[in-house]
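Read off the chains here:
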Amino acid sequence: MDRFAYKSAAAGSLLLSLAVVGIVFAAGEPTAEELLRARGLDRVGHTWCLPEEADLRQQLNSLDRFEPRLVAAQQTVDQLVGQNEACKMQMARFSQLEKQARALSAVAKQGTADKAQLEAQAKQAAAAVEQWKRQYIPTSEFGLSPPLKTALADLINVRTEVTLRLLPIREEIEQMTQSYAALRRDNNVMAEVASLGRQESLGPQKHWRDGAKIFDKLQSIVLSDSLPVVRDGQFYRVTAIVAGRQPLTFSFMGTGGEPTLIPQNLAEAVGLVIDEHAPRVKLRLAGREEIVRRTKVPQLRFGRHVLRDVESYVLPPEAADLGARISATAFAGLHVQLDAEHLLLNIGGGK
(Lines give C-alpha, C1' and ligand atoms only; values in the text may rest on other atoms or scores of the structure.)
Protein backbone atom coordinates (compact mmCIF):
# COMPACT_ATOMS: atom_id res chain seq x y z
CA MET A 1 0.00 0.00 0.00
CA ASP A 2 1.48 3.38 -0.96
CA ARG A 3 1.60 6.30 1.46
CA PHE A 4 -1.43 8.09 -0.05
CA ALA A 5 -3.57 4.94 0.03
CA TYR A 6 -2.42 4.21 3.58
CA LYS A 7 -3.40 7.67 4.79
CA SER A 8 -6.76 7.45 2.98
CA ALA A 9 -7.46 4.10 4.63
CA ALA A 10 -6.44 5.50 8.01
CA ALA A 11 -8.74 8.48 7.55
CA GLY A 12 -11.60 6.19 6.56
CA SER A 13 -10.92 4.02 9.61
CA LEU A 14 -11.00 7.09 11.86
CA LEU A 15 -14.34 8.24 10.45
CA LEU A 16 -15.75 4.75 10.90
CA SER A 17 -14.47 4.67 14.48
CA LEU A 18 -16.11 7.99 15.25
CA ALA A 19 -19.37 6.74 13.78
CA VAL A 20 -19.18 3.60 15.89
CA VAL A 21 -18.46 5.66 19.01
CA GLY A 22 -21.54 7.73 18.24
CA ILE A 23 -23.68 4.61 17.95
CA VAL A 24 -22.28 3.24 21.23
CA PHE A 25 -23.02 6.48 23.06
CA ALA A 26 -26.53 6.52 21.61
CA ALA A 27 -27.12 3.04 23.03
CA GLY A 28 -25.88 3.96 26.52
CA GLU A 29 -22.68 4.33 28.52
CA PRO A 30 -19.86 2.59 26.55
CA THR A 31 -17.41 0.23 28.21
CA ALA A 32 -13.65 0.71 27.90
CA GLU A 33 -13.45 -2.32 25.62
CA GLU A 34 -16.15 -0.90 23.37
CA LEU A 35 -14.34 2.43 23.17
CA LEU A 36 -11.02 0.77 22.30
CA ARG A 37 -12.62 -1.41 19.63
CA ALA A 38 -14.38 1.67 18.25
CA ARG A 39 -10.92 3.19 17.80
CA GLY A 40 -9.97 0.24 15.60
CA LEU A 41 -7.98 -1.67 18.20
CA ASP A 42 -8.22 -5.44 18.61
CA ARG A 43 -7.43 -7.40 21.74
CA VAL A 44 -4.66 -9.97 21.28
CA GLY A 45 -4.09 -11.66 24.60
CA HIS A 46 -3.70 -8.73 26.99
CA THR A 47 -2.48 -6.30 24.32
CA TRP A 48 -4.63 -3.89 22.32
CA CYS A 49 -3.28 -3.86 18.78
CA LEU A 50 -3.86 -1.99 15.57
CA PRO A 51 -5.15 -4.31 12.81
CA GLU A 52 -2.18 -3.46 10.58
CA GLU A 53 0.15 -5.06 13.13
CA ALA A 54 -1.18 -8.53 12.25
CA ASP A 55 -0.83 -7.81 8.54
CA LEU A 56 2.72 -6.60 9.00
CA ARG A 57 3.60 -9.69 11.02
CA GLN A 58 2.48 -11.87 8.11
CA GLN A 59 4.62 -9.84 5.72
CA LEU A 60 7.63 -10.11 8.01
CA ASN A 61 7.16 -13.88 8.31
CA SER A 62 7.18 -14.13 4.51
CA LEU A 63 10.72 -12.70 4.47
CA ASP A 64 12.20 -15.84 6.07
CA ARG A 65 12.52 -17.57 2.71
CA PHE A 66 14.74 -14.80 1.29
CA GLU A 67 17.52 -14.98 3.87
CA PRO A 68 19.00 -18.34 2.71
CA ARG A 69 18.93 -17.21 -0.94
CA LEU A 70 20.57 -13.87 -0.19
CA VAL A 71 23.22 -15.34 2.11
CA ALA A 72 24.05 -18.15 -0.34
CA ALA A 73 24.33 -15.74 -3.30
CA GLN A 74 26.61 -13.43 -1.29
CA GLN A 75 28.79 -16.31 -0.10
CA THR A 76 29.27 -17.57 -3.67
CA VAL A 77 30.45 -14.15 -4.85
CA ASP A 78 32.66 -13.66 -1.78
CA GLN A 79 34.27 -17.06 -2.33
CA LEU A 80 35.07 -16.39 -5.99
CA VAL A 81 36.42 -12.91 -5.28
CA GLY A 82 38.38 -14.26 -2.33
CA GLN A 83 39.97 -16.99 -4.44
CA ASN A 84 41.24 -14.44 -6.94
CA GLU A 85 42.53 -12.23 -4.14
CA ALA A 86 44.36 -15.21 -2.63
CA CYS A 87 46.03 -15.90 -5.99
CA LYS A 88 47.24 -12.31 -6.11
CA MET A 89 48.64 -12.52 -2.59
CA GLN A 90 50.46 -15.77 -3.37
CA MET A 91 51.94 -14.24 -6.52
CA ALA A 92 53.26 -11.32 -4.48
CA ARG A 93 54.59 -13.67 -1.76
CA PHE A 94 56.54 -15.93 -4.11
CA SER A 95 57.73 -12.97 -6.18
CA GLN A 96 59.25 -11.52 -3.00
CA LEU A 97 60.85 -14.88 -2.14
CA GLU A 98 62.36 -15.06 -5.63
CA LYS A 99 63.70 -11.53 -5.31
CA GLN A 100 65.30 -12.28 -1.94
CA ALA A 101 66.86 -15.55 -3.13
CA ARG A 102 68.36 -13.91 -6.22
CA ALA A 103 69.76 -11.03 -4.16
CA LEU A 104 71.45 -13.43 -1.76
CA SER A 105 72.69 -15.61 -4.64
CA ALA A 106 74.33 -12.59 -6.28
CA VAL A 107 76.68 -12.10 -3.32
CA ALA A 108 77.28 -15.80 -2.57
CA LYS A 109 80.60 -17.42 -3.58
CA GLN A 110 80.62 -18.99 -6.98
CA GLY A 111 80.55 -22.78 -6.91
CA THR A 112 79.48 -23.08 -3.27
CA ALA A 113 76.59 -25.15 -1.97
CA ASP A 114 74.95 -22.01 -0.59
CA LYS A 115 74.91 -20.37 -4.01
CA ALA A 116 73.47 -23.50 -5.64
CA GLN A 117 70.77 -23.75 -2.98
CA LEU A 118 69.81 -20.08 -3.36
CA GLU A 119 69.60 -20.44 -7.16
CA ALA A 120 67.35 -23.47 -6.73
CA GLN A 121 65.12 -21.54 -4.32
CA ALA A 122 64.88 -18.66 -6.80
CA LYS A 123 63.81 -21.05 -9.58
CA GLN A 124 61.22 -22.72 -7.37
CA ALA A 125 59.78 -19.37 -6.35
CA ALA A 126 59.65 -18.21 -9.99
CA ALA A 127 57.82 -21.42 -10.95
CA ALA A 128 55.31 -20.82 -8.13
CA VAL A 129 54.74 -17.27 -9.35
CA GLU A 130 53.92 -18.60 -12.83
CA GLN A 131 51.60 -21.24 -11.38
CA TRP A 132 49.58 -18.69 -9.39
CA LYS A 133 49.61 -16.27 -12.33
CA ARG A 134 47.81 -18.85 -14.48
CA GLN A 135 44.99 -18.98 -11.92
CA TYR A 136 44.80 -15.24 -11.28
CA ILE A 137 42.36 -13.11 -13.30
CA PRO A 138 43.64 -9.53 -13.76
CA THR A 139 41.32 -6.64 -12.91
CA SER A 140 40.88 -5.77 -16.60
CA GLU A 141 39.22 -9.18 -17.16
CA PHE A 142 37.75 -9.84 -13.72
CA GLY A 143 34.02 -10.58 -13.77
CA LEU A 144 33.69 -10.78 -17.54
CA SER A 145 32.85 -14.48 -17.64
CA PRO A 146 31.27 -17.28 -15.59
CA PRO A 147 31.22 -18.41 -12.89
CA LEU A 148 31.70 -14.98 -11.31
CA LYS A 149 29.58 -13.06 -13.81
CA THR A 150 26.69 -15.47 -13.31
CA ALA A 151 27.07 -15.36 -9.52
CA LEU A 152 27.03 -11.55 -9.52
CA ALA A 153 23.89 -11.47 -11.68
CA ASP A 154 22.18 -13.87 -9.24
CA LEU A 155 23.24 -11.76 -6.25
CA ILE A 156 22.01 -8.52 -7.80
CA ASN A 157 18.68 -10.12 -8.72
CA VAL A 158 17.98 -11.41 -5.21
CA ARG A 159 19.16 -8.14 -3.60
CA THR A 160 16.79 -6.22 -5.88
CA GLU A 161 13.87 -8.53 -5.08
CA VAL A 162 14.51 -8.24 -1.34
CA THR A 163 14.84 -4.45 -1.52
CA LEU A 164 11.53 -4.10 -3.37
CA ARG A 165 9.84 -6.14 -0.64
CA LEU A 166 11.48 -4.32 2.25
CA LEU A 167 10.78 -0.73 1.21
CA PRO A 168 6.95 -0.83 1.48
CA ILE A 169 7.18 -2.86 4.70
CA ARG A 170 9.52 -0.26 6.18
CA GLU A 171 7.08 2.48 5.25
CA GLU A 172 4.20 0.59 6.89
CA ILE A 173 6.27 -0.01 10.04
CA GLU A 174 6.96 3.72 10.26
CA GLN A 175 3.27 4.49 9.80
CA MET A 176 2.27 1.95 12.46
CA THR A 177 4.89 3.29 14.89
CA GLN A 178 3.53 6.82 14.41
CA SER A 179 -0.04 5.59 14.93
CA TYR A 180 0.86 3.89 18.21
CA ALA A 181 2.76 7.00 19.32
CA ALA A 182 -0.34 9.13 18.64
CA LEU A 183 -2.50 6.72 20.64
CA ARG A 184 -0.05 6.88 23.55
CA ARG A 185 -0.33 10.66 23.58
CA ASP A 186 -4.11 10.33 23.87
CA ASN A 187 -4.88 10.36 27.61
CA ASN A 188 -8.35 8.92 27.02
CA VAL A 189 -6.94 5.88 25.22
CA MET A 190 -4.37 5.20 27.92
CA ALA A 191 -7.02 5.62 30.63
CA GLU A 192 -9.31 3.15 28.84
CA VAL A 193 -6.50 0.57 28.61
CA ALA A 194 -5.50 1.10 32.25
CA SER A 195 -9.08 0.70 33.43
CA LEU A 196 -9.12 -2.90 32.18
CA GLY A 197 -6.41 -4.02 34.59
CA ARG A 198 -2.69 -3.97 35.20
CA GLN A 199 -2.01 -6.72 32.65
CA GLU A 200 -3.59 -4.79 29.79
CA SER A 201 -1.32 -2.75 27.49
CA LEU A 202 -1.32 -0.87 24.22
CA GLY A 203 0.51 -2.49 21.31
CA PRO A 204 2.63 -3.40 19.64
CA GLN A 205 3.00 -6.81 21.27
CA LYS A 206 6.18 -7.45 23.24
CA HIS A 207 7.44 -10.02 20.74
CA TRP A 208 6.96 -7.62 17.81
CA ARG A 209 10.69 -6.85 17.60
CA ASP A 210 11.43 -10.59 17.50
CA GLY A 211 9.32 -10.85 14.40
CA ALA A 212 11.12 -7.86 12.90
CA LYS A 213 14.62 -9.31 13.37
CA ILE A 214 14.67 -10.86 9.89
CA PHE A 215 13.61 -7.48 8.48
CA ASP A 216 16.48 -5.74 10.29
CA LYS A 217 18.99 -8.34 9.09
CA LEU A 218 17.95 -8.18 5.43
CA GLN A 219 17.82 -4.39 5.55
CA SER A 220 21.38 -4.19 6.89
CA ILE A 221 22.55 -6.26 3.92
CA VAL A 222 20.75 -4.67 0.98
CA LEU A 223 20.38 -1.09 2.22
CA SER A 224 24.11 -0.63 2.66
CA ASP A 225 26.96 1.54 1.37
CA SER A 226 28.32 -1.10 -1.04
CA LEU A 227 26.51 -2.44 -4.09
CA PRO A 228 27.68 -5.32 -6.29
CA VAL A 229 28.35 -4.48 -9.94
CA VAL A 230 28.32 -6.81 -12.91
CA ARG A 231 30.61 -6.50 -15.93
CA ASP A 232 29.16 -5.93 -19.38
CA GLY A 233 32.14 -5.61 -21.69
CA GLN A 234 34.01 -2.47 -20.64
CA PHE A 235 31.11 -1.26 -18.48
CA TYR A 236 30.41 -1.85 -14.79
CA ARG A 237 26.67 -1.97 -14.24
CA VAL A 238 24.83 -1.18 -11.01
CA THR A 239 21.12 -1.48 -10.24
CA ALA A 240 19.10 1.35 -8.68
CA ILE A 241 15.50 1.43 -7.47
CA VAL A 242 13.34 4.14 -9.07
CA ALA A 243 10.81 5.78 -6.74
CA GLY A 244 10.95 2.74 -4.46
CA ARG A 245 9.11 0.61 -7.01
CA GLN A 246 11.08 -0.40 -10.10
CA PRO A 247 14.69 -1.48 -10.72
CA LEU A 248 16.80 0.27 -13.34
CA THR A 249 20.34 -0.80 -14.21
CA PHE A 250 22.90 1.87 -15.07
CA SER A 251 26.40 1.72 -16.48
CA PHE A 252 28.60 3.58 -13.99
CA MET A 253 30.69 6.07 -15.96
CA GLY A 254 33.16 6.98 -13.23
CA THR A 255 34.07 10.48 -12.10
CA GLY A 256 34.32 12.09 -15.53
CA GLY A 257 31.20 14.20 -15.08
CA GLU A 258 29.10 12.48 -17.74
CA PRO A 259 25.35 13.22 -17.65
CA THR A 260 22.74 10.73 -16.48
CA LEU A 261 21.15 9.07 -19.50
CA ILE A 262 18.00 6.93 -19.69
CA PRO A 263 16.64 5.42 -22.92
CA GLN A 264 13.02 6.35 -23.53
CA ASN A 265 11.78 2.74 -23.41
CA LEU A 266 13.42 2.16 -20.02
CA ALA A 267 12.10 5.45 -18.66
CA GLU A 268 8.58 4.43 -19.62
CA ALA A 269 9.06 0.91 -18.22
CA VAL A 270 9.94 2.22 -14.74
CA GLY A 271 7.04 4.68 -14.73
CA LEU A 272 8.88 7.94 -15.32
CA VAL A 273 6.64 10.65 -16.74
CA ILE A 274 8.24 12.17 -19.82
CA ASP A 275 7.11 15.70 -20.54
CA GLU A 276 6.59 16.13 -24.25
CA HIS A 277 7.38 19.83 -23.81
CA ALA A 278 10.61 19.23 -21.86
CA PRO A 279 13.63 21.18 -23.16
CA ARG A 280 15.49 19.42 -25.96
CA VAL A 281 19.26 19.46 -25.83
CA LYS A 282 21.93 18.37 -28.29
CA LEU A 283 24.59 16.19 -26.65
CA ARG A 284 27.63 14.51 -28.12
CA LEU A 285 27.54 10.92 -26.90
CA ALA A 286 29.81 8.04 -27.89
CA GLY A 287 31.21 10.03 -30.79
CA ARG A 288 27.86 11.14 -32.22
CA GLU A 289 25.32 13.88 -31.62
CA GLU A 290 21.89 13.08 -30.21
CA ILE A 291 18.86 15.24 -29.45
CA VAL A 292 17.70 14.37 -25.94
CA ARG A 293 15.04 15.66 -23.55
CA ARG A 294 16.03 17.07 -20.18
CA THR A 295 14.07 15.78 -17.20
CA LYS A 296 14.42 15.03 -13.49
CA VAL A 297 14.11 11.66 -11.84
CA PRO A 298 12.33 12.28 -8.50
CA GLN A 299 14.09 9.48 -6.64
CA LEU A 300 16.86 6.96 -7.27
CA ARG A 301 17.92 4.58 -4.51
CA PHE A 302 21.38 2.98 -4.43
CA GLY A 303 21.53 0.78 -1.33
CA ARG A 304 20.81 3.03 1.65
CA HIS A 305 21.43 6.21 -0.31
CA VAL A 306 18.59 8.04 -2.05
CA LEU A 307 19.26 10.59 -4.79
CA ARG A 308 16.49 13.12 -5.35
CA ASP A 309 15.57 15.19 -8.40
CA VAL A 310 18.40 13.73 -10.46
CA GLU A 311 18.90 15.78 -13.62
CA SER A 312 18.73 13.30 -16.49
CA TYR A 313 18.44 13.15 -20.24
CA VAL A 314 15.97 10.85 -22.00
CA LEU A 315 17.48 9.22 -25.07
CA PRO A 316 15.35 8.88 -28.21
CA PRO A 317 14.56 5.34 -29.47
CA GLU A 318 17.32 5.50 -32.09
CA ALA A 319 19.91 6.06 -29.33
CA ALA A 320 18.66 3.28 -27.03
CA ASP A 321 21.86 1.28 -27.72
CA LEU A 322 23.75 3.67 -25.39
CA GLY A 323 21.79 2.29 -22.45
CA ALA A 324 21.19 3.91 -19.08
CA ARG A 325 24.27 5.68 -17.74
CA ILE A 326 25.17 7.50 -14.56
CA SER A 327 28.36 9.04 -13.18
CA ALA A 328 29.58 10.33 -9.83
CA THR A 329 28.15 13.74 -10.77
CA ALA A 330 24.64 12.53 -9.92
CA PHE A 331 25.71 11.61 -6.37
CA ALA A 332 25.80 15.17 -5.02
CA GLY A 333 27.35 15.33 -1.56
CA LEU A 334 28.42 11.68 -1.66
CA HIS A 335 31.76 10.06 -2.34
CA VAL A 336 31.44 7.32 -4.96
CA GLN A 337 34.22 4.89 -5.82
CA LEU A 338 34.31 1.83 -8.05
CA ASP A 339 36.25 -1.06 -6.52
CA ALA A 340 37.04 -3.07 -9.65
CA GLU A 341 39.02 -5.73 -7.75
CA HIS A 342 36.02 -6.62 -5.58
CA LEU A 343 33.33 -5.62 -8.11
CA LEU A 344 31.64 -3.16 -5.77
CA LEU A 345 30.38 0.40 -6.03
CA ASN A 346 31.12 2.03 -2.67
CA ILE A 347 29.11 5.09 -1.65
CA GLY A 348 30.21 7.15 1.32
CA GLY A 349 28.85 10.16 3.13
CA GLY A 350 25.27 11.19 3.70
CA LYS A 351 23.21 10.53 6.80
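What comes next concerns the included structure.

The rules behind these values
- Residues numbered from 1 in each chain as written.
- Predicted model: local features only at pLDDT ≥ 70, side-chain atom pairs only at ≥ 80, totals over all residues.
- Heavy atoms only, no water.
- Helix = DSSP H or I, 4+ residues; strand = E, 2+ residues; numbered from the N terminus.
- Rg over C-alpha atoms; globule rule 2.2 N^0.38 Å.
- Buried < 20%, exposed > 50% of the residue type's maximum accessible area, 1.4 Å probe, protein only.
- Contact = heavy atoms within 4.5 Å.
- Lys, Arg positive; Asp, Glu negative; His and termini not counted.
- Charge placed at Lys NZ, Arg CZ, Asp CG, Glu CD.
- Axes fitted to C-alpha atoms, helices over the stretch in contact; angles between N-to-C directions.
- Parallel < 35°, antiparallel > 145°, perpendicular 65-115°, else oblique.
- Left-handed = near helix turned anticlockwise from the far one by under 90°.
- Nonpolar A, V, L, I, M, F, W, Y, C, P; charged D, E, K, R; others polar.
- Arc of directions from axis to C-beta.
- Polar contact = N/O pair within 3.5 Å; in protein donor to acceptor, adjacent residues only side chain to side chain.
- Pairing = 2+ DSSP bridges.
- 1 Å grid on protein atoms, 1.4 Å probe; cavity = no way out; pocket = protein on both sides within 12 Å on 5 of 7 lines; lining within 4 Å.
- Points joined across faces, edges and corners; volume = space filled by probe spheres on them.

Quick notes on the overall build of the protein
Of regular secondary structure, the protein possesses 10 helices and 14 strands. Whereas a compact globule of 351 residues would reach a radius of gyration of roughly 20 Å, the protein reaches 30 Å, over 25% beyond that. The proportion of buried residues among the 351 residues of the protein is 39%. Contacts spanning at least 24 positions in sequence make up 67% of the contacts within the protein whose residues lie at least 6 apart. Computing the positive centroid from 43 side-chain charges and the negative centroid from 41, the protein places the two 6 Å apart.

A look at the packing of helix 4 (residues 66-107) against helix 6 (residues 148-185)
At a minimum axis separation of 9 Å, helix 4 and helix 6 run at an interaxial angle of 150°. By the criterion of interaxial angle, the relationship of helix 4 to helix 6 is roughly antiparallel. Once helix 4 is placed against helix 6, the crossing between them reads as left-handed. Counted together, Phe66, Arg69, Leu70, Ala73, Gln74, Thr76, Val77, Leu80 and Val81 of helix 4 and Leu148, Ala151, Leu152, Leu155, Val158, Arg159, Glu161, Val162 and Arg165 of helix 6 form the full contact between these two elements. Across the contact of helix 4 with helix 6, the residue classes tally to 12 nonpolar, 2 polar and 4 charged.

Notes on helix 7 (residues 187-194)
Those residues of helix 7 not exposed but buried are Val189, Glu192 and Val193. Along helix 7, the residues classed as buried sweep out an arc of 100° about the axis, all on the same side. Facing away from the buried side of helix 7, by more than 90 degrees, are the exposed residues Asn187 and Ala194. The inward-facing, buried residues of helix 7 contact helix 2 (32-38), helix 6 and strand 3 (201-202). Sitting at the head of helix 7, aspartate 186 places a side-chain oxygen 2.9 Å from the backbone nitrogen of asparagine 188.

Notes on the side chain of lysine 115
Considering the arrangement of structural elements, one finds lysine 115 in helix 5 (residues 113-135). Setting aside residues up to four positions removed in sequence, lysine 115 forms contacts with Ser105, Ala106, Ala108, Lys109 and Gln110.

Some thoughts on the sheet that holds strand 14 (residues 344-348)
Spatially, 4-14-13 is the arrangement adopted by the 3 strands of the open sheet, whose pairing is antiparallel. Strands at the two margins of the open sheet, each flanked by one partner only, are strand 4 (226-228) and strand 13 (335-339). Direction aside, the axes of adjacent strands within the sheet are offset by 20° on average.

Notes on empty space enclosed by the protein
Per the counting criterion, the structure on display carries 2 cavities of 30 Å³ or more. A volume near 150 Å³ is recorded for the largest cavity. Every residue lining the largest cavity is counted, 13 residues in all, and those nearest its centre are Arg159, Thr160, Thr163, Leu227 and Thr239. The greatest single-element share of the lining of the largest cavity, amounting to 4 residues, is contributed by helix 6. Taken together, the residues of the lining of the largest cavity sort by class into 7 nonpolar, 4 polar and 2 charged. In this structure, the second largest cavity encloses a volume near 80 Å³. Every residue along the wall of the second largest cavity is listed here: Val81, Asn84, Glu85, Lys88, Tyr136, Ile137, Thr139, Phe142, Glu341 and His342. Across the lining of the second largest cavity, the residue classes tally to 4 nonpolar, 3 polar and 3 charged.

Re the packing of helix 3 (residues 51-61) against helix 6
Following both chains from N to C, one finds helix 3 and helix 6 inclined at 150°, their axes separated by 11 Å at the closest point. By the angle between their axes, helix 3 is roughly antiparallel relative to helix 6. The interaxial crossing formed by helix 3 with helix 6 has left-handed handedness. Touching Glu52, Glu53, Asp55, Leu56, Gln59 and Leu60 of helix 3 are Ile169, Glu172, Ile173, Met176, Ser179 and Tyr180, all from helix 6. Residue composition of the contact of helix 3 with helix 6, grouped by class: 6 nonpolar, 2 polar and 4 charged.

Some words on helix 3
Of all the positions in helix 3, only Glu53, Leu56 and Leu60 are classed as buried. Buried residues of helix 3, viewed axially, fall in a sector of 65°; they line one side. Turning to helix 3, the residues buried within the fold contact strand 2 (47-49), helix 6, helix 8 (208-211) and helix 9 (213-222).

Focus: the sheet that holds strand 3
Read from one edge of the open sheet, 3 strands run 1-2-3, paired in mixed fashion. Looking along the sheet, the strands with just one partner apiece sit at the ends: strand 1 (42-44) and strand 3. Sheet analysis places strand 1 next to strand 2, joined by 3 bridges and oriented antiparallel. Across the sheet, the residue bridging to arginine 43 is tryptophan 48, located in strand 2.

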